[in-house]
Amino acid sequence: METTDKSRKNSSRKVDEEIEMELEFTPFYRWHHWLRVFSIIALTITGFYISTPFVIPVVNAEPTNFMNALFRSWHEIFGFLMVAMYIAKTYYFFFSVKDRIEIKSFKDVVSLKNWVSQIGYYLLLTKHPKLSGAYNVVQLAAYLVFYIAITGLLLTGFILYASNYHEGFGGMIHGSMKFFEVMFGGLANVREMHHLLMWGVLFFAVAHIYMVVFNAVYGKEGTVDTIFSGYRWKRKH
């Protein structure tokens, strides 16, 4: 019994020495992430309905069946929520001291060795390279493409919004959005770009979930847990 107790203590001490809990995502980052997730889900559902209505209310003589207007209003509400999250995330990315760990990720981009090791890790050929920031080079590249797509979605969304609302905020941005509308070749092209960019975001979401689960299972550092608790279990190098 004494031998067993000693071995357990030694094993526990060894685990403590090899693994440490590290704060990776602040409360703001986690709240922002989940608000963005719910916004994307809501925008996808309402966007599909606006494009191709899949629910038709029972026809009656009263002017009460404004299903399309209801879906459109929810689409706009979550669209402006995405704008708020976009602005807040951009500000925190550059100016938040606690979230500087994201900017530090750019240090690894210039390292060819880091790229080779990271790709090899995903192919189950090498170990995960040591990171300077929150993301590896492949993640960082994917997030950059994601934010470019989100920027395009918001811009094309504003163009479509200004073409329907000529007062208030729509009237304020109408002139500048008209410039982009003409530059993109008209509202039909803008709407097509809006749809294509949304499909790109959905593709990113599927790949993102897969890679998070992959890292959690293969890396065993609590990758999935971090977006809930903010902490990851990191091996000491």
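Rules and cut-offs
Residues numbered from 1 in each chain as written. Predicted model: local features only at pLDDT ≥ 70, side-chain atom pairs only at ≥ 80, totals over all residues. Heavy atoms only, no water. Helix = DSSP H or I, 4+ residues; strand = E, 2+ residues; numbered from the N terminus. Buried < 20%, exposed > 50% of the residue type's maximum accessible area, 1.4 Å probe, protein only. Contact = heavy atoms within 4.5 Å. pLDDT = per-residue confidence, 0-100. Patch = residues over 30% accessible without salt bridge, like charges linked within 9 Å, V, L, I, M, F, W, Y side chains within 5 Å. Areas by Shrake-Rupley, 256 points an atom, 1.4 Å probe, with all protein chains shown as cover. Salt bridge = Lys/Arg side-chain N within 4 Å of Asp/Glu carboxyl O. Core = buried A, V, L, I, M, F, W, Y, C linked by side-chain atoms within 4.5 Å.

**Details of the overall build of the protein**
So, point 1. Of regular secondary structure, the protein possesses nine helices and two strands.
So, point 2. Secondary structure elements in the protein, listed N-terminal to C-terminal, are α-β-α-α-α-α-α-α-α-α-β.
So, point 3. Counting all 237 residues of the protein, 32% fall into the buried class.
So, point 4. Long-range contacts, defined here as pairs at least 24 residues apart, represent 65% of the contacts in the protein between residues at least 6 apart.

**Considerations on helix α5 (residues 112-122)**
So, point 1. Along α5, the positions that sit buried rather than exposed are N114, S117, Q118, G120, Y121 and Y122.
So, point 2. Note on α5: the residue one or two positions beyond its end, L124, has a positive phi of about 65°.

**Details of the confidence of the model for the protein**
So, point 1. The predicted model of the protein averages 82 in pLDDT, with 86% of residues at 70 or higher.
So, point 2. The low-confidence segment residues 10-17 (pLDDT under 50) makes two contacts with residues lying over four places distant or belonging to another chain.

**Considerations on a nonpolar patch on the surface**
So, point 1. A surface patch of nonpolar side chains, about 720 Å² in accessible area, is lined by F38, I41, I45, F48, F54, V55 and W199.
So, point 2. Sorting elements by how many residues they give to the nonpolar patch places helix α2 (residues 27-51) first, with four residues.
So, point 3. Take F48: it is sitting in helix α2.
So, point 4. Its relative accessible area of 40% is what places F48 among the partly exposed residues.

**Considerations on unusual backbone geometry**
So, point 1. Phi angles above zero are rare outside glycine, and L124 is one such case at about 65°.
So, point 2. You can see L124 is positioned in the loop between α5 and α6 (137-164).

**Looking at the nonpolar core**
So, point 1. Counting residues in each nonpolar core, the largest one holds 26 residues, and the members touching the most others are Y135, I150 and V201.
So, point 2. Looking at this core, the elements that each hand over two or more residues are α2, α3 (67-95), α6, α7 (168-183) and α8 (187-219).
So, point 3. Per-element accounting of this core gives the leading share, 11 residues, to α6.
So, point 4. Not counting residues within four places of it along the chain, the set of residues in contact with V201 comprises I40, F146, A149, I150 and L153.

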